[in-house]
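Architecture at a glance
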Amino acid sequence: MENKKIQEIKDLLQKDLVDQISLKELNDLKVKYLGKKGLITELNSEIKNVPNEEKREFGQKVNELRDCFNEYYDSKKEQLDLEELNHRLESEAVDIGLPSTVISTGAPNILEKVIEEVEELFLSMGYDVVDGPEIEEDKYNFEMLNIPKGHPARDAQDTFYIEGEEILFRSQTSPVQVRTMLKGEGKVPIRMICPGKTYRRDDDDASHSHQFMQIEGLLVDKNISLSDLKGTMDVLFKRLFGKDVETRFRPSYYQFTEPSVEVDITCVSCHGKGCPVCKHTGWVTVVGAGVVHPNVLRMSGYNPKEWTGFAFGFGAERLAMMKYDIHDIRTFYNADLRETPVFDREDEE
Ligand code: DAH
């Protein structure tokens, strides 16, 4: 009886294990023969009905059937998997010869590049690059820079006040001079530059922005004079604009320096010949500077009889505008993914 069943399943297998078969059909076959209620699986539970002396033979036959099926299943599965993989590889093939989509990622910010160039130069001359708060106290932004309350010099910088007259958005980076000297505790030399955001209640137009980048510089040591400042400015502007660029000083007035100067450079657009950029003078004013006022040194803990220093401050956007021929300061604060223009200093050397 049981042998008959085995024969039946064997015959069935012979019909079922065909050459052409799909993956789904193969899986269905597996369920049919070896599933929980599969035909071969069920033979196992028949074994209890087989007389003892035949059990061994019966078991062997069932194992043969299972091996037969498994052999078929494994080889078909391998073949079908391979076929499917090949099919997928073919249909998903990527043509690497096709032109790709260009994704615009923008470029380094021009203003940042100019600031980095200035930083690198000053670092190479032994300066530190320091930071200061953008929300500042009146004390540092004005008073300790020799601009007492009520002084008309305050009006020149339309300041954003935040809390009464004590807390403000710094209108200049000069307060960082004071903070640096206080930290220096009377020790020399002090050599620092501070690039940072500054704020003024200006209406935005092509040459004004209510927020702009200033770079402040301060050097305090023995016997520092205007000629040290002149040399430093020369190095700075030759580095930024090429070795033919000249600098000159004009007398000026700042509360925190005495004497004070404006630093002009020969116009980068016309090389000093005269053009609309320099209003036909051949010169452009780029920096405010001077010898640190004795009051400022004293208030920050430096004895002016012993030490002297120079200080300077300039707008970074103006330099970047000149360097990259940009005519509107607002350009820096709009999204613009264009590539950075190449400024070839080597050409001029
Ligand atoms: N803080 C000045 C301004 O914003 C620029 C300046 C002038 C800075 C002279 C200085 C300096 O350090 O010595 O207009």
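Since the structure is predicted, the reported quantities are computational estimates derived from the model, not experimental observations. (Residues numbered from 1 in each chain as written. Predicted model: local features only at pLDDT ≥ 70, side-chain atom pairs only at ≥ 80, totals over all residues. Heavy atoms only, no water.)

What follows concerns the packing of aromatic side chains. The tally for this structure, following the rule as stated, stands at twelve aromatic pairs. The rings of F122, Y127, F237, F241, F310, F312 and F314 are connected pair by pair, giving a single aromatic cluster. Across from the ring centre of Y140, 4.2 Å away, lies the NZ or CZ of R179, which sits over that ring. K222 extends its terminal NZ or CZ atom over the ring of W307, reaching a point 5.0 Å from the ring centre. (Phe/Tyr/Trp six-rings, centres within 6.5 Å; stacked < 30°, edge-to-face > 60°. Lys NZ or Arg CZ within 6 Å of the ring centre and 35° of its normal.)

Here we come to the site of the ligand. Neighbouring the ligand are 16 residues, the closest being Q172, Q177, R200, Q214 and E216. Between the ligand and S174 there is a distance of 3.0 Å, counted from a nitrogen atom to a side-chain nitrogen or oxygen. Q177 is positioned such that a nitrogen or oxygen atom in its side chain is 2.8 Å from an oxygen atom of the ligand. Across the complex, the protein chains shield 92% of the 350 Å² of accessible surface that the ligand would expose by itself. Broken down by secondary-structure element, the contributors of at least two residues to the shell around the ligand are strand 6 (211-221), strand 9 (283-292) and strand 10 (308-315). (Near = heavy atom within 4 Å. Polar contact = N/O pair within 3.5 Å; in protein donor to acceptor, adjacent residues only side chain to side chain. Areas by Shrake-Rupley, 256 points an atom, 1.4 Å probe, with all protein chains shown as cover. Helix = DSSP H or I, 4+ residues; strand = E, 2+ residues; numbered from the N terminus.)

The next thing to look at is the packing of helix 5 (residues 110-124) against helix 10 (residues 316-324). Put simply, helix 5 and helix 10 touch, their axes get as near as 9 Å, and they point 105 degrees apart. In terms of axis orientation, helix 5 runs roughly perpendicular to helix 10. Each of I110, L111, K113, V114, I115 and E117 in helix 5 lies in contact with helix 10, whose residues at this interface are A316, E317, L319, A320, K323 and Y324. Tallied by class, residues from the contact of helix 5 with helix 10 come to eight nonpolar, no polar and four charged. (Axes fitted to C-alpha atoms, helices over the stretch in contact; angles between N-to-C directions. Parallel < 35°, antiparallel > 145°, perpendicular 65-115°, else oblique. Contact = heavy atoms within 4.5 Å. Nonpolar A, V, L, I, M, F, W, Y, C, P; charged D, E, K, R; others polar.)

By secondary structure assignment, the location of N141 is in helix 6 (residues 138-141). Residue N141 is classed as buried on the basis of its relative accessible area, which comes to 0%. In this structure N141 touches E136, L168, R170, S171, Q172 and P175, once residues within four positions along its chain are discounted. (Buried < 20%, exposed > 50% of the residue type's maximum accessible area, 1.4 Å probe, protein only.)

Okay, the state of the cysteines next. Evaluation of the coordinates by the stated rule reveals zero disulfides. As a non-bridged cysteine, C278 has C270 as the owner of its nearest cysteine sulfur, 3.7 Å distant. (Disulfide = S-S within 2.5 Å.)

Side chains that differ in charge, positive against negative, can pair when their charged atoms come close. Applying the stated criterion across every chain, the model contains 19 salt bridges. Residue E117 is joined to K323 by a salt bridge in which the shortest nitrogen-to-oxygen separation is 2.9 Å. You can see E117 sitting in helix 5 and its partner K323 sitting in helix 10, a full 206 residues away along the chain. According to the relative accessible area criterion, E117 is buried, its value standing at 14%. Measuring nitrogen to oxygen at the nearest pair gives 2.9 Å for the salt bridge that ties D264 to R248. Of the two residues, D264 sits in strand 8 (residues 257-266) while R248 sits in strand 7 (residues 247-254), which places them 16 residues apart along the sequence. Residue classification places D264 among the buried residues on the basis of a relative accessible area of 2%. We classify R248 as partly exposed; its relative accessible area is 30%. Within the structure, one salt-bridge network assembled from shared partners comprises D138, E143, K149, R154 and E166. (Salt bridge = Lys/Arg side-chain N within 4 Å of Asp/Glu carboxyl O.)

Here we come to the domain arrangement of the chain. Here the chain is described as being made up of domain 1 (2-91) and domain 2 (110-348). Spacing between the C-alpha centres of domain 1 and domain 2 amounts to 87 Å. (Domains from an automatic or database assignment.)

With that out of the way, let us pick up helix 7 (residues 175-184). Burial analysis of helix 7 places seven of its ten residues in the buried class, the great majority of the element. Check the buried side of helix 7 and you find it contacts strand 2 (135-137), helix 6, strand 5 (190-199), strand 6, helix 9 (294-299) and strand 10. Directly beyond the C-terminal end of helix 7, a positive phi value near 50 degrees is found at E185.

Here the focus is the sheet that holds strand 10. The strands that make up a sheet pair up through hydrogen bonds in the backbone, lying either parallel or antiparallel. Taken together, the seven strands give an open sheet; going across it, the order is 1-5-6-10-9-8-7, and neighbouring strands pair in mixed fashion. Looking at the sheet topology across the chains shown, the edges are occupied by strand 1 (128-129) and strand 7. Pairing geometry for strand 1 and strand 5, over two bridges, is parallel. Residue pairing across strands places D128 opposite M192, the latter belonging to strand 5. Packing of helix 5 onto the sheet brings it into contact with strand 1, strand 5, strand 6 and strand 10, and relative to strand 5 it is tilted by some 165 degrees. Contacts between helix 7 and the sheet are confined to strand 5, strand 6 and strand 10, with strand 5 contributing the most and set at about 140 degrees to the helix. (Pairing = 2+ DSSP bridges.)

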